[in-house]
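# Working through the structure, step by step
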Amino acid sequence: MSATPLTPQLDSPHSTKLEFVPPLLGGSLAELTAWVQQQGQPAYRGKQLHDWIYHKGVRSLADISAFPKNWRTALATVPIGRSTLHYRSVAADGTVKYLLQLADGQIIETVGIPSDKRLTVCVSSQVGCAMACDFCATGKGGYKRHLDVHEIIDQVLTVQTDFQQRVSHVVYMGMGEPLLNTENVLTSLKSLNQDVGIGARSLTVSTVGIPSRIRQLAQHHLQITLAVSLHASNQALREQLIPSARTYPLEDLLAECREYVEVTGRRLSFEYILLAGVNDLPKHALELAQHLRGFQNHVNLIPYNPIPEVDYKRPNSDRIQAFVNVLKQQQIAVSVRYSRGLEADAACGQLRTSKTLPV
Ligand code: SAH
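Residues numbered from 1 in each chain as written. Predicted model: local features only at pLDDT ≥ 70, side-chain atom pairs only at ≥ 80, totals over all residues. Heavy atoms only, no water.

## Some details on the nonpolar core
In this structure, Leu-49, Ile-53, Leu-61, Phe-270, Val-299 and Leu-327 are the most contacted members of the largest nonpolar core, which totals 98 residues. Residue assignment places this core across two domains, with domain 1 (29–74) and domain 2 (84–344) each supplying three or more. Aside from chain neighbours lying at most four places away, what touches Leu-49 is Leu-24, Leu-32, Trp-35, Val-36, Leu-61, Ile-64 and Phe-67. (Core = buried A, V, L, I, M, F, W, Y, C linked by side-chain atoms within 4.5 Å. Buried < 20%, exposed > 50% of the residue type's maximum accessible area, 1.4 Å probe, protein only. Domains from an automatic or database assignment. Contact = heavy atoms within 4.5 Å.)

In structure tokens:
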């Protein structure tokens, strides 16, 4: 696993870099303006470019009708950073799963989840995942590489264009571990906020927890939502389910979470997968509540979504309700996330690229 350092410049990724080079997605208004000026164009073309790539969703600079014809032709080969749609499938509940092909041929998954007035995009942050959590399909396929900033933003624009609706929320809960690709994830968060126009509080990063990274993230004082995949009420159980827990004690993870809440003033949410007979007993709920007492948080229970490689079971609704009741009695805010998109293999933990290629 590579350790990507959190660089100080991420507090201001929109400060103009010395040299901004395409792909253009991820570029701030200032960077795009500087770039058009380098091409001998007036500064206002930067604003036009920004609008066309982030809001009009143009896929080729040759299609920007606001630009002079000869310049458009010259720009035709400059990459915006858009991926190619490889496959699209729609579940009965309206959830859409996309397989997107990147410039180097790698394929990632993105999910569009409509609900009421919301449109949530579940983005991948890496190709594959190195964490190898026992219950997760993505981990079974191994890790390939980090996603670049433009490859993250492209996922959001793809869903926005497909639904013909503004994306209101983005969750970093697709393939990969966001806090192993921190620099690109942070830059993409800033760009989704400032360029695409999604509210910071509507951006959620989900992490299994990487030593020191939650503490470092807190120093950026972002208004985003952090979700931590806890999944177990004690260290021994967590190690069984999540290999990386062996080198990151639960106590240390929770200490960083407490620090995160103190430093950012933001509530934190914990994700807890429910696996029948493994971590879903009332004693586990009680143990979990004891760990979480005393700092602002929320528990999101995720009943297990089946994957073929392992024989875990999803608990029945009585068991789920019993778990909820114990947490409520312990004054822990709790909700159950019934995953969307199950039939399209688009639910939490089911994202992979191998078995879903077009037929
Ligand atoms: N790597 C990040 C984000 C990716 S997964 C993380 O671990 O948080 C998003 C959520 O789906 C995580 O909480 C993950 O543990 C959960 N998940 C994985 N496999 C699942 C499955 N089979 N059923 C239900 N949830 C699952």
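So much for the structure itself; the text now carries on.
## Some remarks on the side chain of Thr-95
Inspection of the secondary structure assignment puts Thr-95 in the loop between strand 1 (84–90) and strand 2 (96–101). In this structure Thr-95 comes out as buried when scored by relative accessible area, which is 1%. Polar contacts involving the side chain of Thr-95 include one to the side chain of Asp-93, which spans 2.8 Å. (Helix = DSSP H or I, 4+ residues; strand = E, 2+ residues; numbered from the N terminus. Polar contact = N/O pair within 3.5 Å; in protein donor to acceptor, adjacent residues only side chain to side chain.)

## Details of the site of the ligand
Inspection of the region around the ligand gives 20 residues, with Phe-135, Ser-206, Ser-229, His-231 and Asn-305 positioned closest. With respect to the ligand, the backbone of Gly-176 contributes an N or O atom lying 3.0 Å from a nitrogen atom. Between the ligand and the protein, one listed contact pairs an oxygen atom with a side-chain N or O atom of Glu-271 at 3.3 Å. Summarising the interface, the protein chains cover 96% of the accessible area of the ligand, which totals 530 Å² for the free molecule. Only strand 8 (203–207) and strand 10 (268–274) provide two or more residues apiece to the shell around the ligand. Considered class by class, the residues forming the shell around the ligand number ten nonpolar, eight polar and two charged. (Near = heavy atom within 4 Å. Areas by Shrake-Rupley, 256 points an atom, 1.4 Å probe, with all protein chains shown as cover. Nonpolar A, V, L, I, M, F, W, Y, C, P; charged D, E, K, R; others polar.)

## What about the domain arrangement of the protein chain?
If you check the domain split of the protein chain, you get domain 1 (29–74) and domain 2 (84–344). Each side of the interface is counted separately: domain 1 has six residues, and domain 2 has seven residues. Taken over both partners, the interface formed by domain 1 and domain 2 buries close to 540 Å², and the fraction arising from carbon and sulfur atoms is 41%. It is Tyr-54, His-55 and Arg-59 in domain 1 that bury the most area against domain 2; as a group they hold 72% of the surface buried on that side. If you look at where domain 1 meets domain 2, you find zero salt bridges. (Buried area = accessible area lost by both parts, 1.4 Å probe. Salt bridge = Lys/Arg side-chain N within 4 Å of Asp/Glu carboxyl O.)

## Re the packing of aromatic side chains
Each aromatic ring pair is specified by the distance between its two centres and by the angle formed by the two planes. Within this structure, the stated rule accounts for three aromatic pairs. With a centroid separation of 4.6 Å and 45° between ring planes, the pair formed by Phe-67 and Trp-71 is classed as tilted. Classification of Phe-67 by relative accessible area gives buried; the value is 2%. A relative accessible area of 8% means that Trp-71 is categorised as buried. A ring pair is formed by Tyr-272 and Phe-323, whose centres lie 5.2 Å apart and whose planes are at 35°; its orientation type is tilted. (Phe/Tyr/Trp six-rings, centres within 6.5 Å; stacked < 30°, edge-to-face > 60°.)

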